[in-house]
Amino acid sequence: MPNDMSEDGYHFHVMRRAIELIDGMGEQATLEQLANAMGMSPAHFQRVFSRWAGVSPKRYQQYLTLGHAKALLTERFTTLETAHATGLSGGGRLHDLFLRWESMSPGDYAKGGAGLTIYWGWFESPFGPALVMGTQKGLCGIAFASESGTEAAFEDLFARWPKADYVEDPMFLRPWVLTAFGVQQEGEVPLYLIGSPLQIKVWEALMRIPSGHVTTYSELAGVVGKPKAVRAVGTAVGRNPISYLIPCHRALRKSGGLGGYHWGLPVKRAILAWEAARVEA
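Residues numbered from 1 in each chain as written. Predicted model: local features only at pLDDT ≥ 70, side-chain atom pairs only at ≥ 80, totals over all residues. Heavy atoms only, no water.

In the nomenclature of an unreviewed UniProt entry, the protein is known as methylated-DNA--[protein]-cysteine S-methyltransferase of Pelagimonas varians. A UniProt comment under Sequence similarities (unreviewed entry) is attached to the protein, and it reads "Belongs to the MGMT family." (UniProt positions renumbered as here; feature names shortened; annotations may be inferred.)

For the rest of this paragraph, the subject is the overall build of the protein. The secondary structure content of the protein amounts to 12 helices and 9 strands. Within the protein, the proportion of its 281 residues that are buried is 53%. Partitioning the contacts of the protein with sequence separation of at least 6, the portion at a separation of at least 24 is 68%. In the form shown here, the protein has an accessible surface area of approximately 12,500 Å², with 52% of it arising from carbon and sulfur atoms. (Helix = DSSP H or I, 4+ residues; strand = E, 2+ residues; numbered from the N terminus. Buried < 20%, exposed > 50% of the residue type's maximum accessible area, 1.4 Å probe, protein only. Contact = heavy atoms within 4.5 Å. Areas by Shrake-Rupley, 256 points an atom, 1.4 Å probe, with all protein chains shown as cover.)

What follows deals with the packing of helix α9 (residues 197-206) against helix α11 (residues 230-238). Between α9 and α11, the least distance of the axes is 9 Å, while the angle of their chain directions is 75°. Put simply, α9 runs roughly perpendicular to α11. Along its contact with α9, which presents Q199, V202, W203 and L206, the element α11 presents V233, A236 and V237. When the residues that make up the contact of α9 with α11 are grouped by side-chain class, the tally is 6 nonpolar, 1 polar and no charged. (Axes fitted to C-alpha atoms, helices over the stretch in contact; angles between N-to-C directions. Parallel < 35°, antiparallel > 145°, perpendicular 65-115°, else oblique. Nonpolar A, V, L, I, M, F, W, Y, C, P; charged D, E, K, R; others polar.)

One pass over the full model with this rule turns up 10 aromatic pairs. With a centroid separation of 6.4 Å and an interplanar angle of 50°, the aromatic rings of F144 and F181 are classed as tilted. One end of the pair, F144, is in strand β5 (residues 138-144); the other, F181, is in the loop between α8 (170-180) and β7 (188-193), and 37 residues separate them in sequence. Judged on exposure class, the residue F144 and its partner F181 are both buried. Every member of this aromatic cluster is reached through a ring pair, and the members are W120, F154, F158 and Y166. (Phe/Tyr/Trp six-rings, centres within 6.5 Å; stacked < 30°, edge-to-face > 60°.)

When pLDDT is averaged along the protein, the result is 80; 80% of the residues meet or exceed 70. Per-element mean pLDDT across the protein ranges from 40 in strand β1 (residues 91-94) up to 97 in strand β6 (residues 165-168). Predicted confidence is poor over residues 82-97, with pLDDT under 50, and the contacts of this stretch with residues over four places away or in other chains come to 30 contacts. (pLDDT = per-residue confidence, 0-100.)

To continue, consider helix α2 (residues 31-38). Since the α-helix packs 3.6 residues into each turn, any two residues three or four apart lie on the same face. Those residues of α2 lying buried are L34, A35 and M38. All buried residues of α2 project into a common sector of 95° when viewed along the axis, lining one side. Two residues or fewer after α2 comes G39, characterised by a positive phi angle close to 75°. (Arc of directions from axis to C-beta.)

In this structure, Y60, F144, L191, L206 and L245 are the most contacted members of the largest nonpolar core, which totals 81 residues. Counting residues per element, this core draws most heavily on helix α12 (residues 265-280), which supplies 7 residues. Ignoring sequence-local partners within four residues, the contact set of L191 consists of L99, R100, W101, E102, G138, L139, M207, I242, L245 and I246. (Core = buried A, V, L, I, M, F, W, Y, C linked by side-chain atoms within 4.5 Å.)

Before going further, it helps to examine the side chain of E275. By the element assignment, E275 lies in helix α12. There is a polar contact of 2.6 Å between the side chain of E275 and the side chain of R250. (Polar contact = N/O pair within 3.5 Å; in protein donor to acceptor, adjacent residues only side chain to side chain.)

Its identity as a non-glycine residue notwithstanding, Y244 has a phi of 75°, on the positive side. Inspection of the secondary structure assignment puts Y244 in the loop between α11 and β9 (251-252).

Among the 10 residues of α9, 7 are classified as buried, and the element is accordingly described as predominantly covered. Listed as buried for α9 are Q199, I200, V202, W203, E204, A205 and L206.

Counted by the stated rule, this structure contains 4 salt bridges. Notably, a salt bridge pairs K111 with D108, separated by 3.7 Å at the nearest N-O pair. (Salt bridge = Lys/Arg side-chain N within 4 Å of Asp/Glu carboxyl O.)

To continue, consider the packing of α2 against helix α3 (residues 42-53). A pair of packed helices is captured by two measures, namely the crossing angle of their axes and the spacing between those axes. Packing of α2 against α3 brings their axes to within 8 Å, and their N-to-C directions diverge by 90°. Here α2 is positioned roughly perpendicular relative to α3, judged by the angle of their axes. Between α2 and α3, the contacting residues are L31, E32, L34, A35 and M38 on the first element and P42, F45 and Q46 on the second. Of the residues contributing to the contact of α2 with α3, the split by class is 6 nonpolar, 1 polar and 1 charged.

Laid out in structure tokens, this is it:
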């Protein structure tokens with residue numbers, strides 16, 4: 001069972017259900033209908049939801065619409081060459097927290113995790129059950145299981161480093177997870193990037209995109225020096241094992257389409273809506 005992380009785990013669980021209702025009932029849903037479905041009074045539901053998302057349920061629903069991606073490309077498109085960043089070898093303040101990252105060497109990556117101990121555990125998150133994995137150097141995997149299921153999510157991450165030693169130890173990961181999902185406001189989240197050289201280059205470029213903003217797959221391809229390899233870059237985006245913190249959800253098609261998302265398009269929409277609401281708030 002996922003760890004609630006704190007008493008705020010209750011709110012994560014409640015708000016996840018609220019997002020599903022808001023998305024499923026559509027723009028015609030009234031505050032009273034949503035509150036009734038949640039078993040709350042309208043005033044209480046509005047207060048709890050607004051405290052969590054930063055905006056009202058009605059406003060949040062607008063961010064969940066399929067047309068929101070096109071609006072983001074118009075209003076919050078980021079040109080990565082000019083995006084504020086502290087460099088691809090250091091760290092930066094992203095997601096309102098400090099991320100520090102380092103990459104596994106190509107030689108060690110080729111070993112499939114041999115000699116590496118990876119700790120893992122399940123946690124509640126604003127976007128459903130999250131499988132979190134990490135090493136002594138930092139988080140190396142976050143998988144959302146609301147669409148794929150817990151077994152598939154675990155098999156997905158496990159298969160990336162098949163020769164590593166896996167130890168279930170959510171308490172080891174808990175401080176980083178608390179900070180990553182905003183349950184506590186202080187501390188840093190170290191990331192340990194385990195991927196091919198191209199994948200790591202793409203993932204580092206993704207970390208330049210500010211929260212609440214988006215870019216395109218072709219823009220990413222140009223930044224990493226592969227302007228004609230948009231498909232390969234898109235594949236690298238999809239192979240990102242650290243969802244949310246390495247924001248592959250912020251990559252969209254030029255047309256304004258959502259593109260793909262390894263952990264399910266409903267999750268991608270929910271994260272984009274969450275970030276847009278936080279920026280507005």
